[in-house]
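Residue strings, one per chain:
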Amino acid sequence: TNSDENENTEAIQQWMESVIRQIVHYKTQHKELLKDATTLLELALWKAKMDEKEEDSLGEVKAKKIKLDMQSERRYLRITSGAN
């Protein structure tokens, strides 16, 4: 009958609205999770780049220290050997 069809149509429409609400809810959650994950990835990449720069600068400092130590050693050897 017509009344049963209307009830079925209404039930289907309510179910569809419920599904759409859930999709919107999960879509919003997904966007928030992606945003958080993107932020974490950016921070991790930034930290890795900072660590890399720090390692490079430490390497430069060590190289300079070695060079200075070698120069000091040469001076010492020149003084003790009598060479100018």
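Data block above holds the structure.
Residues numbered from 1 in each chain as written. Predicted model: local features only at pLDDT ≥ 70, side-chain atom pairs only at ≥ 80, totals over all residues. Heavy atoms only, no water.

**Concerning a nonpolar patch on the surface**
And then number 1: Among the surface-exposed residues, Leu40, Leu43, Trp46 and Met50 lie close enough to one another that they form a single nonpolar patch of about 460 Å² accessible area.
And then number 2: Among the secondary structure elements, Leu40 is positioned in helix α1 (residues 2-81). (Patch = residues over 30% accessible without salt bridge, like charges linked within 9 Å, V, L, I, M, F, W, Y side chains within 5 Å. Areas by Shrake-Rupley, 256 points an atom, 1.4 Å probe, with all protein chains shown as cover. Salt bridge = Lys/Arg side-chain N within 4 Å of Asp/Glu carboxyl O. Helix = DSSP H or I, 4+ residues; strand = E, 2+ residues; numbered from the N terminus.)

**Details of the pattern of salt bridges**
Pairing between side chains becomes possible if they bear opposite charge and their charged atoms approach one another.
And then number 1: Tallied over the entire structure, the rule returns one salt bridge.
And then number 2: Here Lys47 and Asp51 are joined by a salt bridge, their closest N and O atoms 2.9 Å apart. You can see Lys47 and its partner Asp51 sitting in helix α1, four residues apart, about one turn around the helix.

**Focus: a negative patch on the surface**
And then number 1: Judged by side-chain charge, Asp4, Glu5, Glu7 and Glu10 come together as a negatively charged surface patch.
And then number 2: With respect to the helices and strands, the residue Glu10 is situated in helix α1. (Lys, Arg positive; Asp, Glu negative; His and termini not counted. Charge placed at Lys NZ, Arg CZ, Asp CG, Glu CD.)

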